Number of protein chains: 2
Amino acid sequence: MTVSSAPGKVYLFGEHAVVYGEPAIPCAIQRRATVRVDPRSDGVTRVEAGDLTLDGFTVEYTQSVEDHPEIDVPEHLLSAATGYIDVALEQACNAVADPATGFDVAIESEIPLGAGLGSSAAVAVATIDAATRAMGTELPPERIAELAYRTEREVQDGQASRADTFCSTMGGAVRVEGDECRNIEAPELPFVIGFDGGAGETGELVAGVRKLRERFDFAAETIRAIGNLVRAGERAVERGDRRELGRLMNFNHGLLEALGVSSYTLDEMVWAARRAGADGAKLTGAGGGGCIVALGDGEQLLTALDATAVCVDAFQAELDRNGVRAEGA
Amino acid sequence: MTVSSAPGKVYLFGEHAVVYGEPAIPCAIQRRATVRVDPRSDGVTRVEAGDLTLDGFTVEYTQSVEDHPEIDVPEHLLSAATGYIDVALEQACNAVADPATGFDVAIESEIPLGAGLGSSAAVAVATIDAATRAMGTELPPERIAELAYRTEREVQDGQASRADTFCSTMGGAVRVEGDECRNIEAPELPFVIGFDGGAGETGELVAGVRKLRERFDFAAETIRAIGNLVRAGERAVERGDRRELGRLMNFNHGLLEALGVSSYTLDEMVWAARRAGADGAKLTGAGGGGCIVALGDGEQLLTALDATAVCVDAFQAELDRNGVRAEGA
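Residues numbered from 1 in each chain as written. Chains lettered and ligands numbered in written order. Predicted model: local features only at pLDDT ≥ 70, side-chain atom pairs only at ≥ 80, totals over all residues. Heavy atoms only, no water.

**Student:** Please explain the packing of aromatic side chains as it appears in this structure.
**Tutor:** Two aromatic rings, taken as a pair, are described by how far apart their centres are and by the angle between their planes. Tallying each qualifying case throughout the model produces four aromatic pairs over all chains. An angle of 85° between the planes, with centres 4.9 Å apart, marks the rings of Phe218 of chain A and Phe251 of chain B as edge-to-face. Pair noted here: Phe218 of chain A is in helix 6 (residues 217-239) and Phe251 of chain B is in helix 7 (residues 242-258), and the two residues belong to different chains. Under the relative-accessibility criterion, Phe251 of chain B is labelled buried at 3%. Both rings, one in Phe216 of chain B and one in Phe218 of chain B, keep their centres 4.8 Å apart while their planes meet at 20°; by these two values the pair is stacked. One aromatic cluster is present, built from ring pairs that chain together Phe216 and Phe218 of chain A together with Phe251 of chain B. A cation sits over an aromatic face here: Arg275 of chain B above Tyr264 of chain A, 3.3 Å from the ring centre. (Phe/Tyr/Trp six-rings, centres within 6.5 Å; stacked < 30°, edge-to-face > 60°. Helix = DSSP H or I, 4+ residues; strand = E, 2+ residues; numbered from the N terminus. Buried < 20%, exposed > 50% of the residue type's maximum accessible area, 1.4 Å probe, protein only. Lys NZ or Arg CZ within 6 Å of the ring centre and 35° of its normal.)

Here is the structure:
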């Protein structure tokens, strides 16, 4: 029995603009997906998952996720989760000398699924790490990040960012620009996350921004402004200037709002956090619904988020300096 | 007895950026300040005002607003209103051959005071028109706009935009860039306005944007993006493309939010209007509190705004093609 865990992430700055070559800064958070892998020799793969969303699910399958029995999890979330595991196991098998023919896989995740917190990347990273170790091969983190990226790319029909899988593998604060990812020095970053229980349609949201950018010079300017904001944000991270980071998060949120990717639930949570004393707050990820991230200590932000009509889950999640790691079985 | 009325305005696009030479498009709305003027020969000026805010007030004074008796209106609003009337009467007297030594002035206004709807400009414009006509001189509108601008500039310690007074004098949709104001062709524009009962501190808000612009290249870019958005907005106004106007209003609101001049009350009203089917919605004026303007027909928007916890007044106010005008006594 081999167990690995890998963290989720928030975007401190730069989502959406990163698609057009601007830099972005995702940060790993202390919320993890934990994957247990046992190789089998009978060609059967069995996946058991708890807490992938608010509910858990268990599914057994041999070849394809299409065979799974009826269970109480939205179809697209289930296919998504099992899809990532399937491909991640395949990548793991390709990376070892003596691959197994099947696996028992058990996933526990503290990261809400499809909420923009990088749950799929964390699952892919932890699965690859656990599966390769279970088959007797210790891969260097760069290789795990690469295989997890390929996993996301394959599952997401060629559309994936290296940032999520790199961030989950390496931990800490990451600077991504195009295909280049590297860790940057960061201070303690106490995040509070608010989740509205929903999820935007990432593809549609990205397409919406693309359309705006093609039609309007000022939309392209807005995207470039996000890029320059990220550059200022990078300096503020390295200086450890929390107030400045908060100010930039607020500004970034407005630019995302301009690009049409916020929602009333996200805005309500953002304002609740700001009014409760957050240094700053913004949506994180593709938007349209999902999560906001606020920078600030304490119970006050949680209480304020819980008091909104729209927040179904609020939790503290510090910057996590650890990436993927082996866990005691 | 001579009576004139002049309309308030909303910013369809471009507030704040207009301070830095970008174009903006204010629009006159069918909400008016009405001023009745009777010249006196005894050196006494008596001002009576109803509905300047939610309450009305009456004040009698000879030389200065400092002499006014205790009345049930916030001090700063009272000084503001009487200050504008005082200076407007002075401007009117300078513009006629045979000035009176005092006046009876009665103001009725449908425009909430200090809410960013141009109430002071409308009062100044209507006062100058009524007072000059009462003293036997019919001024051309350009001259009224100029005198009303000087009135605002004097009362506001040298800080005034020509846009508000020009828009109130001429009516319709106005394009302003620097000191140049001109009317542009516009379709029917059914606006719905939501008022949170508050008012931002215009000076502080403008100073806040200035500071951001001086510190951050991306803030300067955001302001330039607003300018380019206004140029696109101008074409959409001339084409009469309401859906496009709504889209641009939403985008403009996000850029203003990025510049830190929105508030949770304004955002809540903006989202209420959008969710009720508005083509678009944005804050109007300096922000920080005050009013939002939504583009859309019907009761639905009013109902949605009234249903929010933060809106104290919601009303329909079409684009007004008439500027200052004489009213039956």
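**Student:** Even after reading the chapter, I still don't get the relation of the copies chain B and chain A, so can you show me in this structure?
**Tutor:** Both copies of the chain are related through a single rotation about an axis accompanied by a shift along the same axis. Once chain B has been moved 0.0 Å along the axis and rotated by 180°, it coincides with chain A to within an RMSD of 0.0 Å. Both chain copies can therefore be described as sitting about a two-fold axis. Relative to the rotation axis, the closest C-alpha in chain B is found at Gly254 of chain B, a distance of 2.5 Å. Both copies contact each other with a shared surface, as 100% of the interface residues of chain B are interface residues in chain A too. (Least-squares fit on C-alpha atoms with pLDDT ≥ 70 in both. Contact = heavy atoms within 4.5 Å.)

**Student:** Would you take a moment to explain the packing of helix 2 (residues 119-134) of chain B against helix 3 (residues 141-155) of chain B for this structure?
**Tutor:** Two quantities define a packed helix pair, namely the angle between the helix axes and the distance between the axes. Residue and element names in this part refer to chain B. Running from amino to carboxyl end, helix 2 crosses helix 3 at an angle of 130°, the nearest separation of the two axes being 9 Å. Judged on the interaxial angle alone, helix 3 and helix 2 are oblique. Between helix 2 and helix 3 lies a crossing whose hand is right-handed. Between helix 2 and helix 3, the contacting residues are Ser120, Ala121, Ala124, Val125, Ile128 and Asp129 on the first element and Ile144, Leu147, Ala148, Thr151 and Glu152 on the second. Within the contact of helix 2 with helix 3, the residues separate by chemical class into seven nonpolar, two polar and two charged. (Axes fitted to C-alpha atoms, helices over the stretch in contact; angles between N-to-C directions. Parallel < 35°, antiparallel > 145°, perpendicular 65-115°, else oblique. Left-handed = near helix turned anticlockwise from the far one by under 90°. Nonpolar A, V, L, I, M, F, W, Y, C, P; charged D, E, K, R; others polar.)

**Student:** Got a minute to help me understand the domain arrangement of chain A in this structure?
**Tutor:** Often, the extent of an interface is quoted as the loss of accessible area upon association of its parts. All names here are of chain A. Here chain A is described as being made up of domain 1 (2-184) and domain 2 (190-318). A separation of 24 Å is found between the C-alpha centroids of domain 1 and domain 2. Across the contact, 28 residues belong to domain 1 and 38 residues belong to domain 2. Approximately 2,800 Å² of surface area, both sides summed, lies buried where domain 1 meets domain 2, with 69% of it carried by carbon and sulfur atoms. Here domain 1 is connected to domain 2 by four salt bridges. A salt bridge links Glu234 to Arg175, with the nearest nitrogen and oxygen atoms 2.7 Å apart. Here domain 1 and domain 2 share 11 residue pairs in polar contact (both at pLDDT 80 or more) between them. For the side of domain 1 that touches domain 2, the elements supplying multiple residues, two or more each, are strand 1 (2-13), strand 2 (25-40), strand 6 (173-177) and strand 7 (180-184). (Domains from an automatic or database assignment. Buried area = accessible area lost by both parts, 1.4 Å probe. Salt bridge = Lys/Arg side-chain N within 4 Å of Asp/Glu carboxyl O. Polar contact = N/O pair within 3.5 Å; in protein donor to acceptor, adjacent residues only side chain to side chain.)

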